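Observations on the model geometry
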Amino acid sequence: MAGYEVVLRDIEEELVQDGYEEIEWSLGKLEEKGRLDEDAETILDRVSTSVSLEESVSDTDLVIEAVPEQLEIKEETFSTVDKHAPDHAILASNTSSLSISDIASATDRSEQVVGLHFFNPPVKMDLVEVTYGEATTDETAELTYKWVESVGKTPIYVRKDVHGFVVNTVLVPFMEEAAWMLSNGETTVREADATMVYERGYPMGPFELNDFGGIDIAYHFRDESDQPAPPAIEEKVENEDLGKKSGKGFYDYEDGNGVDYE
Ligand code: 3HC
């Protein structure tokens, strides 16, 4: 939407097509609401697809990695990208919980590796965290910061490579505190969500947000913690009721009404 040529890459053709169709759907929605400066077709024409990691990064200025949140997969990906991307390219990770310094150590250009953390749904969420790894230079961070501005979003620097950066360090306890209160019989899902939405003005309450982002995602964020998870969350993870994506979480999206505190 900001005018850049983009290569969308995934490991299989079917997954690439799923991603492409998501973009098509999203642009269709935005076009319907008159929020595009060009027609959706023109924007889509700038997106090409690939299943080859080597080819997809061979002529690029910026690589944004969003593979699963497992360090070994990140390292393997960054090591390959490092060998095939042009020397000047910045390599960015969309990780929400892994260390940028650890990821960068799989490359020979750790000074050009940076965190670039978007929020769900990225097309609508304004904020992007730009995180320094130990070796990231100011030049890399500043170029990345300017790029975020050039796509019409608001960047903030996270100056130390802390687990969870700023947003998740604050947001995960917000969801967990509410889950502790639920586990202790002190509140209900609907009451806690209504309180945060109507009293605090948050766009989503803590349970709605956990369902929206995936209960397993917030749960694994705490992998480095020695504190137990709230039982209400443990139970959802054990039963694989992981939120909207699995049809059921704190709310029921298949047989129930979905989010219903309004
Ligand atoms: N593209 C285009 N349209 C989209 C879309 C997308 N990707 N996603 C949703 N929409 C559409 C919906 O289909 C709906 O369309 P409709 O009106 O035709 O039915 C419409 O957008 C809803 O948008 P509205 O502007 O009317 O609604 P809101 O103003 O309520 O915005 C929201 C929706 C931006 C999702 C808002 O509820 C919100 O800000 N929620 C909080 C999200 C949040 O906190 N995300 C961060 C999660 S943490 C994270 O990502 C970190 C990770 O590392 C774990």
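Since the model is a prediction, treat every value here as computed from it, not as a measurement. (Residues numbered from 1 in each chain as written. Predicted model: local features only at pLDDT ≥ 70, side-chain atom pairs only at ≥ 80, totals over all residues.)

Take the site of the ligand next. Inspection of the region around the ligand gives 16 residues, with Ser26, Ser96, Asn120, Pro121 and Pro203 positioned closest. Of all the secondary-structure elements, those providing two or more residues to the shell around the ligand are helix 1 (13–32) and helix 9 (206–213). Among the elements that make up the shell around the ligand, the one with the highest residue count is helix 1 (three residues). Split into classes, the residues belonging to the shell around the ligand amount to nine nonpolar, five polar and two charged. Each of domain 1 (6–158) and domain 2 (167–246) accounts for three or more of the residues forming the shell around the ligand. (Near = placed C-beta within 6 Å. Helix = DSSP H or I, 4+ residues; strand = E, 2+ residues; numbered from the N terminus. Nonpolar A, V, L, I, M, F, W, Y, C, P; charged D, E, K, R; others polar. Domains from an automatic or database assignment.)

A few words now on the packing of helix 8 (residues 189–199) against helix 9. One way to put it is that helix 8 packs onto helix 9 with a least axis distance of 7 Å and a crossing angle of 100 degrees. Regarding the angle of helix 8 to helix 9, the classification is roughly perpendicular. Across from Val189, Ala192, Asp193 and Met196 in helix 8, the residues of helix 9 making contact are Pro206, Phe207 and Glu208. Of the residues contributing to the contact of helix 8 with helix 9, the split by class is five nonpolar, no polar and two charged. (Axes fitted to C-alpha atoms, helices over the stretch in contact; angles between N-to-C directions. Parallel < 35°, antiparallel > 145°, perpendicular 65-115°, else oblique. Contact = placed C-beta atoms within 7 Å.)

Before going further, it helps to spend a moment on the environment of valine 81. Summarising the element assignment, valine 81 is placed in helix 4 (residues 71–84). With 22 C-beta atoms packed within 10 Å, valine 81 lands in the buried category. The sequence separation of valine 81 and glutamate 55 amounts to 26 residues, and the corresponding C-alpha distance is 9.6 Å. Among residues more than four places away in sequence, those in contact with valine 81 are Leu53, Val57, Val63 and Leu91. (Buried ≥ 20, exposed ≤ 12 C-beta atoms within 10 Å, placed from the backbone.)

The next subject is the packing of helix 7 (residues 167–183) against helix 9. Running from N to C, helix 7 and helix 9 point in directions that differ by 120 degrees, and their axes come no closer than 9 Å. When the interaxial angle is binned, helix 7 and helix 9 end up oblique. Judged by the twist between their axes, the crossing of helix 7 over helix 9 is left-handed. Residues Phe174, Met175 and Ala178 of helix 7 touch helix 9, and the partners they reach there are Pro206, Phe207, Leu209 and Asn210. By residue class, the composition of the contact of helix 7 with helix 9 is six nonpolar, one polar and no charged. (Left-handed = near helix turned anticlockwise from the far one by under 90°.)

The next point concerns the pairing of strand 7 (residues 154–158). Where strand 6 (residues 127–132) and strand 7 come together, five bridges link them in parallel fashion. Opposite valine 128, over in strand 7, you have proline 155 as the bridge partner. Between the parallel elements strand 6 and strand 7, the chain passes through helix 6 (residues 138–150) in a crossover that is right-handed. (Pairing = 2+ DSSP bridges. Right-handed = clockwise from strand over helix to strand, strands pointing away.)

Function cannot be inferred from these measures alone, as they are strictly geometric.
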